[in-house]
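Results of the structural survey
Given next are the chains, with one letter for each unit.
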Amino acid sequence: MNRHVLSILVENQAGVLSRVTGLFSRRGFNIDSLSVGVTEEPDKSRITIVVYCDNIDQIIKQVQKLVDVVRVVELDAQRAVFREIALVKVNTKRETRADVINIVDIFRANIIDVATESLTIEITGDEGKIKAFTELMESFGIKEIVRTGLTALCRGNNPIKKIKKPIIAED
């Protein structure tokens, strides 16, 4: 199955997220990642959805037909920037704390909370960077981890609302 990242610009109305995600579930698509937030215009929100499937074209057309959907764009890695934030709480002892801090520095992450037996770290990056970081932290013991889900924007000067075609992965 192929990975597809959809950026969906919607009217900021109650129930829009439910209608969009309901369309995916009714058609048997499992959403791997979901991120939603208000845009530069308070009356618009952007939904970023990651889904693994073989054929995404039909679901894109159906999402585009929803009343509150302004635009649907499929993003690819060459024409978009992808980021995710993870908060990772790691076990630390006096003898391991310096090692964890060194790895945090290498990954350009931030320590956002310090406790006697743990550090909470914020890391921002693509999926590969976060995976590499968490794999290194496993040897120290991860107490908790939470991830935001992928967020993405098209590269270059054109915002999503100026893209003429609703499906734009290779354009």
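Use the structure listed above.
To start, this report covers the structure provided alongside it. What you see is a predicted model, and the numbers here were worked out from it, not measured in a lab. (Residues numbered from 1 in each chain as written. Predicted model: local features only at pLDDT ≥ 70, side-chain atom pairs only at ≥ 80, totals over all residues. Heavy atoms only, no water.)

Another aspect to go through is the side chain of Thr92. Structurally, Thr92 is set in the loop between strand E5 (80–91) and helix H3 (97–106). Judged by its relative accessible area of 2%, Thr92 falls in the buried class. There is a polar contact of 2.9 Å between the side chain of Thr92 and the side chain of Arg97. Ignoring sequence-local partners within four residues, the contact set of Thr92 consists of Arg97, Val100, Thr116, Glu117, Ser118 and Leu119. (Helix = DSSP H or I, 4+ residues; strand = E, 2+ residues; numbered from the N terminus. Buried < 20%, exposed > 50% of the residue type's maximum accessible area, 1.4 Å probe, protein only. Polar contact = N/O pair within 3.5 Å; in protein donor to acceptor, adjacent residues only side chain to side chain. Contact = heavy atoms within 4.5 Å.)

The next point concerns the pairing of strand E2 (residues 31–38). Pairing between E2 and strand E3 (residues 44–53): seven bridges, direction antiparallel. Residue Ile31 lies in a different strand from E3, and its bridge partner there is Val51. (Pairing = 2+ DSSP bridges.)

Before going further, it helps to examine the pattern of salt bridges. Throughout the structure, instances matching the rule amount to seven salt bridges. Between Glu127 and Arg3 there is a salt bridge, with its nearest N and O atoms 3.8 Å apart. Here Glu127 is found in helix H4 (residues 127–137), whereas its partner Arg3 is found in strand E1 (residues 2–11), with 124 residues between them in sequence. For Glu127, a relative accessible area of 36% puts it in the partly exposed group. A cluster of three or more residues bridged by salt bridges with shared partners is formed by Glu11, Asp43 and Lys44. (Salt bridge = Lys/Arg side-chain N within 4 Å of Asp/Glu carboxyl O.)

Moving on, we get to the environment of Gly28. Residue placement: Gly28 occurs in the loop between helix H1 (16–26) and E2. Classification of Gly28 as exposed rests on a relative accessible area of 66%. As a C-alpha pair, Gly28 and Phe107 span 79 residues in sequence and 37 Å in three-dimensional space.

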